[in-house]
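# Coordinate inspection notes
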Amino acid sequence: MHNFTPLTPEQALVGHRVIITFNPHERTASDVYTVGSIESAPVPGPLAATLVDVRYPSPADGTERTMPIALHNLAEANASALTALAEQHEAKAAEYRRLADQAKT
């Protein structure tokens, strides 16, 4: 599991791609990281959280959504972070293939 560094307000620029490390709007997909893009400038939110609107494909059905997400639940989608995310998804896919093969026998 990759430990992503939370986004800072200085990194939260409109149009930048981010990795959503926790999405309170998609509770059924809590272990699924999603890549989205920032749609608004940071604003103060509840409990001292800084929020930005992020557009992303829903892990549940792929529909595009835009929701406010706290910066501490976002990470920069740079090359190394995206590579780590791809490796994590590939490992999970291999695990599911192994389980599928076991179910066939």
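Scoring rules and cut-offs
Residues numbered from 1 in each chain as written. Predicted model: local features only at pLDDT ≥ 70, side-chain atom pairs only at ≥ 80, totals over all residues. Heavy atoms only, no water. Helix = DSSP H or I, 4+ residues; strand = E, 2+ residues; numbered from the N terminus. Buried < 20%, exposed > 50% of the residue type's maximum accessible area, 1.4 Å probe, protein only. Contact = heavy atoms within 4.5 Å. Areas by Shrake-Rupley, 256 points an atom, 1.4 Å probe, with all protein chains shown as cover. Phe/Tyr/Trp six-rings, centres within 6.5 Å; stacked < 30°, edge-to-face > 60°. Pairing = 2+ DSSP bridges.

## Considerations on the overall build of the protein chain
Summing up its helical and strand segments, the protein chain has 1 helix and 6 strands in all. Traced from its N-terminal end to its C-terminal end, the protein chain shows the element sequence β-β-β-β-β-β-α. Counting over 105 residues, the protein chain shows a buried share of 30%. In the protein chain, the proportion of contacts linking residues at least 24 apart, taken out of those at least 6 apart, comes to 50%. For the protein chain, the exposed area adds up to about 6600 Å²; of that, 57% sits on carbon and sulfur atoms.

## Considerations on the packing of aromatic side chains
Following the criterion strictly, the structure yields 1 aromatic pair and no others. For the pair Phe4 and Tyr33, a centre-to-centre distance of 5.2 Å together with 80° between the ring planes defines the contact as edge-to-face. Here the residue Phe4 occupies a position in the segment before strand S1 (17-20), and Tyr33 occupies one in the loop between S1 and strand S2 (34-38), the gap between them amounting to 29 residues. Both residues of the pair, Phe4 and Tyr33, belong to the buried class.

## Focus on the pairing of S2
Judged by how many residues are buried, S2 sits mostly within the fold: 4 of 5 residues are covered. When S1 meets S2, the two strands line up antiparallel, connected through 4 bridges. Paired with Ile20 across the strands is Thr34, a residue of S2. Pairing geometry for S2 and strand S4 (residues 50-57), over 2 bridges, is antiparallel. Counterpart to Ile38 in the pairing with S4 is Val54.

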